[in-house]
Amino acid sequence: MAEPSFVIVLMGAAALPVFAIYLWFRITRFPVPLPWFLCCLLGGLASVFIALILGLFVEGVLPASGKVFFVVFRTALIEELSRVAVLFPLFAVFRRLKWNGGEYCAAGLVGGLGFALAETASYGAAGINITLLRAFTAAPLHGACGARIGLSAAAFRENPPSGIMRFFSAVVIHMLYNFMILRSGIPSVLAVLAVFSFLISSLIFIRKSREYPGE
């Protein structure tokens, strides 16, 4: 069990990207009303609990084999499915806002940051193993994956195959990250660089969607 002060520090580190992204939305004049920002953030928080429930169900039906690849794939798939379970219905409510792809991407990004916030707190409460690495990479990882879940939601209604491909792109990114931090022979810096590159690509897409609203 970690010290309360340590958990508070981790929570602060995880919360900083939330404030940074909201500030970036405001500076760039991205159409981000505070109510939907908070809804997506809370949806991301709620998806952590759904991931726990899905994990227990899958464990009962399909126990872990002990193989690293199987474990990281299963974990990534469960967490991305939990995001779908929360964000897709939420996006269906917001569909009347006539969002473009960039707005769905932004909403998914915020949901991913909410997931990272709750996940970091749970790791901090459990202990300090790899929490420092996760404190600095959980937000970009889940933000990048959440952004792709948002794009999946945007595409799914008109083009289901495209929506499914975007969903699995999030799973693959998540799986690669898990694999890199679990394998002792792979430098942690590679995991950091990878997740930040995926996050930056999402931010670029969101920015371009303001310049070219048809995207």
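Residues numbered from 1 in each chain as written. Predicted model: local features only at pLDDT ≥ 70, side-chain atom pairs only at ≥ 80, totals over all residues. Heavy atoms only, no water.

Caption draft 1: Expanded view of a nonpolar patch on the surface. Taken together, the side chains of F156, I164 and F168 present a nonpolar region at the surface, about 260 Å² in accessible area. Residue I164 is classed as partly exposed on the basis of its relative accessible area of 40%. (Patch = residues over 30% accessible without salt bridge, like charges linked within 9 Å, V, L, I, M, F, W, Y side chains within 5 Å. Areas by Shrake-Rupley, 256 points an atom, 1.4 Å probe, with all protein chains shown as cover. Salt bridge = Lys/Arg side-chain N within 4 Å of Asp/Glu carboxyl O. Buried < 20%, exposed > 50% of the residue type's maximum accessible area, 1.4 Å probe, protein only.)

Caption draft 2: Main features of the nonpolar core. The biggest cluster of nonpolar side chains holds 47 residues, and the ones touching the most others in it are F25, W36, C40, F91, W99 and I206. Among the elements that take part in this core, helix α5 (residues 131-156) stands out by supplying nine residues, more than any other. In this structure, V48, V58, I78 and F115 belong to the second largest nonpolar core, which totals six residues. (Core = buried A, V, L, I, M, F, W, Y, C linked by side-chain atoms within 4.5 Å. Helix = DSSP H or I, 4+ residues; strand = E, 2+ residues; numbered from the N terminus.)

Caption draft 3: Focus on the packing of aromatic side chains. Taken as a whole and judged by the stated rule, the model has seven aromatic pairs. Here F91 and Y104 contribute two aromatic rings whose centre-to-centre distance is 5.4 Å and whose plane-to-plane angle is 85 degrees, an arrangement assigned as edge-to-face. Residue F91 is found in helix α3 (residues 68-94), and its partner Y104 is found in helix α4 (residues 101-126); the two are separated by 13 residues along the sequence. Pair check on accessibility: F91 and Y104 agree, each one buried. Here a set of aromatic residues connected by ring pairs shows up, and it is made of Y22, W24, F25, F30 and F37. One residue, R83, lies across the ring of F115, its end atom 4.9 Å from the ring centre. (Phe/Tyr/Trp six-rings, centres within 6.5 Å; stacked < 30°, edge-to-face > 60°. Lys NZ or Arg CZ within 6 Å of the ring centre and 35° of its normal.)

Caption draft 4: Seen up close, the environment of V32. Mapping V32 onto the fold places it in the loop between α1 (4-27) and α2 (34-61). Classification of V32 as buried rests on a relative accessible area of 3%. As a C-alpha pair, V32 and E103 span 71 residues in sequence and 8.4 Å in three-dimensional space. Beyond its immediate chain neighbours, meaning those up to four positions away, V32 contacts Y22, F25, R26 and F37. (Contact = heavy atoms within 4.5 Å.)

Caption draft 5: Highlighting the pattern of salt bridges. Applying the stated rule across the entire model yields one salt bridge. Residue E80 is joined to R83 by a salt bridge in which the shortest nitrogen-to-oxygen separation is 2.6 Å. Separated by three residues within a single helix, E80 and R83 lie in helix α3, roughly one turn from each other.

Caption draft 6: Structural detail: unusual backbone geometry. Even without being glycine, R29 reaches a positive phi, approximately 60 degrees. Relative to the elements of secondary structure, R29 occurs in the loop between α1 and α2. Given the relative accessible area of 71%, R29 is considered exposed.

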